[in-house]
Amino acid sequence: MSQFHLIAPSGYCINQEAAQRGIARLIESGHSVQNQTIVPRRQQRFAGTEAQRLNDINALATLPGADQIVMAVRGGYGASRLLEQIDWAGLARRQQQDPLLICGHSDFTVIQLGLLALHNVITFSGPMLAGNFGAPTLDAFTIDHFWRALRNPTFTLHWQGQGPRCTCEGQLWGGNLAMLVSLIGTPWLPVIENGILVLEDINEHPFRVERMLLQLHHAGILARQRAIVLGSFSGAAANDYDAGYDLQTMIDYLRSRVAVPVIAGLDFGHEQQTVTLPLGAQAVLLNDEKGTSLTVSGHPVIKS
């Protein structure tokens, strides 16, 4: 069984019951869960002081042991405050042998992209303790895809994607759209040429999603990719004022502006049902009349 090491670099975990439920489930499954004392930490809206949250990240550079799964308790906001003080080089050295399997999404995306940008460190965009492992009902799809990604040097995802036929390969990267856009012009945004960019978000109206995607387009980032894959955009319902402008309309408009294939429909993001993606791994994307497949390789996995 595996060892989980918890970190809380972002928001206070307001649903303490969910976090404890997630811990209990992991222990019942035979795993160990370290660093549980961070779960109730709080300062204002954050999961502890700046120093405490920064230490969660920097302490990983000296965390002993192999096959350690590092998991964020939740997202929210707060990781952006830490970027200048993170020991990026120390974390990269720790990853050279028996790499930590670092997993999270949402606000945690900025740290994941920083590791990728500065040292090409691969992390996993996937479930977190409270929102996923601590959900009222554990989603079998999510758990299956989590272990599939962490245990298999090569794995393939299948779904019925919406978009043009395409076959391409490149470095897989992305995560939360708002967090990625917040890094434009900073050292922590990876410069990926010919990549496969996967994006998701939550509680962003379709016009806000469009505005962020256009910012990536205007910055030249979308044009440098081989493909753009859209995950879930939870809470993006249109309203009466929109008069028919919705998420699908926005996607159609994006396709009219960029030459890069845009494939939608991947179960990835803030939904209970989500795949786990190693950011920085190599991927092959195929979309045709039979469906869509994404084959991923080159990421660290559990060895024992």
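In this text, all values refer to a predicted model and were calculated from it rather than measured experimentally.

Rules used throughout
- Residues numbered from 1 in each chain as written.
- Predicted model: local features only at pLDDT ≥ 70, side-chain atom pairs only at ≥ 80, totals over all residues.
- Heavy atoms only, no water.
- Helix = DSSP H or I, 4+ residues; strand = E, 2+ residues; numbered from the N terminus.
- Rg over C-alpha atoms; globule rule 2.2 N^0.38 Å.
- Buried < 20%, exposed > 50% of the residue type's maximum accessible area, 1.4 Å probe, protein only.
- Contact = heavy atoms within 4.5 Å.
- Core = buried A, V, L, I, M, F, W, Y, C linked by side-chain atoms within 4.5 Å.
- Pairing = 2+ DSSP bridges.
- Axes fitted to C-alpha atoms, helices over the stretch in contact; angles between N-to-C directions.
- Right-handed = clockwise from strand over helix to strand, strands pointing away.
- Salt bridge = Lys/Arg side-chain N within 4 Å of Asp/Glu carboxyl O.
- UniProt positions renumbered as here; feature names shortened; annotations may be inferred.

## Concerning the overall build of the protein
In terms of regular secondary structure, the protein is built from nine helices and 13 strands. A globule of 304 residues ought to have a C-alpha radius of gyration of about 19 Å, and the protein, at 18 Å, matches this closely. Across its three principal axes, the protein shows a C-alpha extent of roughly 50 × 40 × 40 Å. Residues classed as buried in the protein amount to 57% of the 304 residues present. Long-range contacts, defined here as pairs at least 24 residues apart, represent 81% of the contacts in the protein between residues at least 6 apart.

## Considerations on the nonpolar core
In terms of nonpolar packing, the biggest core is built from 55 residues, with Ile-86, Ile-111, Trp-173, Leu-177, Leu-199 and Leu-216 touching the most fellow members. Val-33, Trp-147, Leu-157 and Leu-285 belong to the second largest nonpolar core, which has 48 residues in total.

## Focus on the sheet that holds strand 9 (residues 227–234)
The strand order across the open sheet built from seven strands is 6-13-12-7-8-9-10, with neighbouring strands paired in mixed fashion. Two strands bound the open sheet, and with one partner strand each, they are strand 6 (154–159) and strand 10 (262–264). Across the sheet, the mean angle separating the axes of adjacent strands is 30° when strand polarity is ignored. Looking at chain direction, strand 9 and strand 10 are connected through three bridges and run parallel. Residue pairing across strands places Val-229 opposite Ile-263, the latter belonging to strand 10.

## Here we look at the pairing of strand 3 (residues 68–72)
Side-chain positions along a regular strand alternate between the two faces of the sheet. For strand 3, the tally of buried residues reaches five of five residues, placing the bulk of the element in the interior. The side-chain alternation of strand 3 yields two buried faces, one formed by Gln-68, Val-70 and Ala-72 and the other by Ile-69 and Met-71. As defined by bridge partners, strand 1 (residues 3–7) adjoins strand 3 across five bridges and the pair is classed as parallel. Its bridge partner lying in strand 3, Leu-6 is registered against Met-71. Sheet analysis places strand 3 next to strand 4 (residues 101–104), joined by three bridges and oriented parallel. Looking at the pairing, Val-70 lines up with Ile-102 of strand 4. Chirality of the crossover, the property in question, places the unit of strand 3, helix 3 (residues 88–94) and strand 4 among those that are right-handed.

## A few points about the sheet that holds strand 2 (residues 32–34)
The strand order across the open sheet built from six strands is 2-1-3-4-5-11, with neighbouring strands paired in mixed fashion. Every other strand in the sheet has two partners, leaving strand 2 and strand 11 (277–279) as the edge strands with one partner each. Strand after strand, the sheet turns through a mean of 30° between neighbouring axes, direction not considered. Where strand 5 (residues 123–125) and strand 11 come together, three bridges link them in antiparallel fashion. Along strand 11, the bridge assignment pairs Phe-124 with Pro-278. Running at roughly 135° to strand 3, helix 6 (residues 140–151) makes contact with strand 1, strand 3, strand 4 and strand 5 of the sheet.

## Brief notes about the pattern of salt bridges
On inspection of all chains with the given rule, the structure shows nine salt bridges. In this structure, the salt-bridge partner of Arg-21 is Glu-17, at a minimum N-O distance of 3.5 Å. Separated by four residues within a single helix, Arg-21 and Glu-17 lie in helix 1 (residues 16–28), roughly one turn from each other. Residue class for Glu-17 comes out exposed when judged on its relative accessible area of 57%. Taking the shortest distance from any N to any O, the salt bridge between Glu-50 and Arg-53 comes out at 2.4 Å. Linking Glu-50 with Arg-53, this pair stays in helix 2 (residues 50–58), spanning three residues, or about one helical turn. Ionic contacts of the salt-bridge type, sharing partners, join the residues Glu-50, Arg-53 and Arg-81 into one network.

## As for the UniProt feature "domain: LD-carboxypeptidase C-terminal" (unreviewed entry) in the protein
Sites flagged by UniProt as "domain: LD-carboxypeptidase C-terminal" (unreviewed entry) map to residues 169–285. The annotated region residues 169–285 carries 26% helix and 28% strand content, and the separation between its end C-alpha atoms amounts to 6 Å.

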